[in-house]
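Each chain, written out:
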Amino acid sequence: MAPLKSFLAAASLVSLVAAVPAPNVDISGGTTVQQVRKSGYVRNGPLALYKIYLKYHLTPPEDLLNYIKNSSGFSKRSEGSVTATPIDTIDTEYTIPVSIGTPAQVLQMDVDTGSSDFWVFSSETESDEVNGQTIYDPSQSSTSKKLSGDTYSVSYGDGSSSSGEVYTDKVKIAGITVSKQAVEVAEQVSSSFTSDTSSSGLVGLAFDSLNQVSPSAVQTFFGNAQSKLDSPLFTADLKHDAAGSYGFGFIDSSLYTGSITYEDIDSSDGFWSWTSSGYAIGSGSFVSTKITGIADTGTTLMTMPSSIVKAYYKKVSGSYYDSTAAGYIFPCGNTTPSFTFGVGSLRIVIPGSYMSYAAADDDGTYCYGSLQKSSGGTNIFGDVALKSAFVVFNGASSPTIGWATK
Ligand SMILES: Cc1noc(C)c1CN(C)Cc1cc2n(n1)CCN(c1cc(N)ncn1)C2
């Protein structure tokens with residue numbers, strides 16, 4: 001436990017320095033102010049150190065966080081976690097319960113780190129576009145307030161879309177409450193959302209710059225909650241065909257093995273964009289090459305540059321690019337090798353079983369690969385990659401992304 005002792009030593013030094021009153025030296029010839037020790041003040045090094053981290057929006061080291069978390073009486077901010085449930089056995093998307101309004105209206109919503117709008121099926125959604133989803137009705141909430149004149153219209157990489165008006169209301173996720181979250185209430189949704197009976201809306205967790213409310217953009221749930229979290233971060237522990245979790249404000253060290261490797265985020269395009277150190281196919285040797293892509297929980301699969309994808313499917317017998325399916329397919333029974341991507345010197349292995357996504361035809365002869373070619377130059381580390389790791393989305397002033405094995 002050396003690190004803890006070392007930071008405690010540092011912390012006590014901080015508190016020592018912070019608590020000793022300066023001598024009453026009158027250097028201005030003016031009046032002297034008598035400093036007195038704050039009565040009842042109990043010096044506390046770790047808390048003093050912790051407050052420095054929070055003041056400068058820095059992420060405290062894990063041992064300091066654990067110390068604060070396990071010590072009673074500290075003025076803690078907030079943190080919590082929520083179950084992330086795959087909507088089907090092939091992990092098409094993951095939803096979480098979200099409480100909106102007073103009394104709470106609870107909707108299962110899709111968490112999307114690839115977009116920045118919090119929108120819901122609502123009492124205002126065209127009735128023929130609602131298909132079993134839970135709707136939010138602002139008129140039934142005593143804390144809702146319409147943002148008159150504000151509208152939104154958002155579209156996604158797969159061509160789906162949603163549009164409507166905007167309210168604010170109380171929103172609680174993982175036990176963390178944002179009292180005035182902008183809730184974008186859908187008047188229209190595209191057919192793919194209507195057919196997705198498992199999701200009643202989206203929680204966009206990309207950067208605020210991507211928000212599509214006009215005339216002025218609003219903040220995401222994370223954008224609003226960040227300042228009240230113990231640490232300005234959220235984590236994703238997605239699983240194959242099993243319940244995982246999203247954490248807010250803290251890192252649960254029981255959810256991963258080894259240590260977390262962090263890479264810088266370039267948020268200039270509003271995405272969680274980072275650079276991988278390379279890849280390997282099956283038991284093949286690791287190819288060191290920079291692959292810049294976005295960490296996107298709202299995309300089911302994974303897309304890489306064409307050269308890497310071609311090299312991968314060379315190892316899948318019977319595979320070929322099918323323009324009708326708009327992707328690589330292969331005979332379902334054929335073996336798909338694992339796919340490894342690098343995070344610095346760390347290696348995240350996507351098991352071969354994750355690399356076959358779903359039947360590509362009605363009789364299930366051919367299957368659609370989980371790895372496909374990038375379009376428009378954006379590589380996407382979607383759910384296939386994310387569910388193979390424990391991932392930290394660190395929204396500090398210089399954002400980073402952390403990956404760990406699990
Ligand atoms: C997909 C899918 N496949 O089977 C089902 C069900 C679904 C979900 N479904 C049809 C509806 C749907 C479509 C989208 N979503 N959900 C989530 C947001 N979308 C994104 C997000 C993002 N970051 N990047 C690209 N699109 C498009």
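Residues numbered from 1 in each chain as written. Predicted model: local features only at pLDDT ≥ 70, side-chain atom pairs only at ≥ 80, totals over all residues. Heavy atoms only, no water.

1. With respect to the layout of surface pockets
Selection rule: Using only the protein atoms, space was sampled on a 1 Å grid; points where a 1.4 Å probe fits but cannot get out form cavities, open sets with protein on both sides within 12 Å along at least five of seven lines form pockets, and lining residues are those with an atom within 4 Å of a point. Grid points are joined across faces, edges and corners, and a volume is the space filled by probe spheres set on the points. For the purposes of this entry, the term helix denotes a DSSP run of H or I that reaches at least four residues, the term strand denotes a run of E that reaches at least two, and both are numbered from the N terminus. Following the grouping adopted for this structure description, the nonpolar residues are Ala, Val, Leu, Ile, Met, Phe, Trp, Tyr, Cys and Pro, the charged ones are Asp, Glu, Lys and Arg, and the polar ones are all others, Gly among them.
Roughly 1,100 Å³ of internal volume is contained in the largest pocket. Contributing to the lining of the largest pocket are 39 residues, with Tyr156, Gly157, Asp158, Gly298 and Thr299 lying nearest its centre. Of the residues forming the lining of the largest pocket, the biggest block, 3 residues, is contributed by strand S5 (residues 145–155). Grouping the amino acids of the lining of the largest pocket by side-chain chemistry returns 13 nonpolar, 18 polar and 8 charged.

2. Some points on the site of the ligand
Note the threshold: Working definition: residue near molecule or strand if any one of its non-hydrogen atoms lies within 4 Å of it. Pairing of N or O atoms within 3.5 Å defines a polar contact, subject to two protein rules: one partner must be a possible hydrogen donor and the other a possible acceptor, and residues neighboring in sequence count only if both atoms are side-chain atoms. Accessible areas in this description were obtained via Shrake-Rupley with a 1.4 Å probe; residue shielding takes into account the shown protein chains only. A pocket or cavity is taken to hold a molecule when more than half of that molecule's atoms are within 2 Å of the pocket's grid points.
Around the ligand sit 17 residues, and of these Thr92, Glu93, Asp112, Asp296 and Thr299 come closest. In this structure, a nitrogen atom belonging to the ligand sits 3.1 Å away from a side-chain N or O atom of Thr299. Out of a free accessible area of 560 Å², the ligand has 78% covered by protein chains. A molecule is said to occupy a pocket when more than half its atoms come within 2 Å of that pocket's grid points, and by this definition the ligand occupies the largest pocket. When contributions to the shell around the ligand are tallied by element, the ones reaching two or more residues are strand S3 (105–112) and helix H4 (191–195). Looking at side-chain class alone, the shell around the ligand contains 4 nonpolar, 7 polar and 6 charged residues.

3. With respect to the sheet that holds strand S16 (residues 320–322)
Put simply, the test is: Whether two strands pair depends on DSSP finding at least two bridges between them. In this analysis an axis means a line fitted to C-alpha atoms, helices contributing only their contacting stretch, and an angle means the value between N-to-C directions, from 0 to 180 degrees.
With respect to topology, 4 strands assemble into an open sheet ordered S16-S17-S21-S20, the strand pairing being antiparallel. At either end of the open sheet lies a strand with only one pairing partner, and these are S16 and strand S20 (356–359). When the angles between neighbouring strand axes are averaged without regard to direction, this sheet yields 45°. In this sheet, strand S17 (residues 327–331) lies alongside S16 in antiparallel orientation, the contact comprising 3 bridges. Across the sheet, residue Asp322 finds its bridge partner in S17, namely Gly327.

4. Digging into helix H6 (residues 306–313)
Note on helix geometry: an α-helix contains 3.6 residues per turn, so any two residues three or four positions apart are oriented the same way. This is how the line gets drawn: Residue exposure (1.4 Å probe, protein chains only): buried if accessible area is under 20% of the type maximum, exposed if over 50%, otherwise partly exposed. This arc is built from the directions going out from the helix axis to the C-beta atoms.
Three or more residues of H6 are buried, namely Ile308, Val309, Tyr312 and Tyr313. Around the axis of H6, the buried residues are gathered within 125° of arc, so they sit on the same side.

5. Here's the deal with the environment of Val343
Formally: Contacts are assigned to residue pairs with any non-hydrogen atoms lying within 4.5 Å of each other.
Here Val343 is to be found in strand S18 (residues 339–343). Here Val343 falls in the buried class, since its relative accessible area comes to 0%. Not counting the four nearest positions on each side in its chain, Val343 is found in contact with Thr261, Glu263, Trp274, Ser277, Ile348 and Trp403.

6. Structural notes on the sheet that holds strand S19 (residues 346–350)
Sheet architecture is open: 7 strands sit in the order S19-S18-S13-S14-S23-S15-S22, paired in mixed fashion. Taken across any chain shown, the strands that pair with only one partner, and hence form the sheet edges, are S19 and strand S22 (371–373). Neighbour-to-neighbour, the strand axes of the sheet open up by a mean angle of 45°, direction not taken into account. Pairing between strand S15 (residues 302–304) and S22: 3 bridges, direction parallel. Bridge pairing links Met304 to Lys373 in S22.

7. Things to note about the pattern of salt bridges
Selection rule: Here a salt bridge means any side-chain nitrogen of Lys or Arg lying within 4 Å of a carboxyl oxygen belonging to Asp or Glu.
Per the stated rule, a full pass over the model turns up 3 salt bridges. Across the pair Lys387 and Asp91 runs a salt bridge, and its minimum N-O distance is 2.6 Å. Taken together, the residues Lys387 in the loop between helix H7 (383–386) and strand S24 (390–394) and Asp91 in the loop between strand S1 (80–86) and strand S2 (94–100) connect sequence positions 296 residues apart. Ionic pairing is found between Glu165 and Lys146, a salt bridge with its closest N-O pair at 3.2 Å. Of this pair, Glu165 sits in strand S6 (residues 161–173) while Lys146 sits in strand S5, placing them 19 residues apart in sequence.

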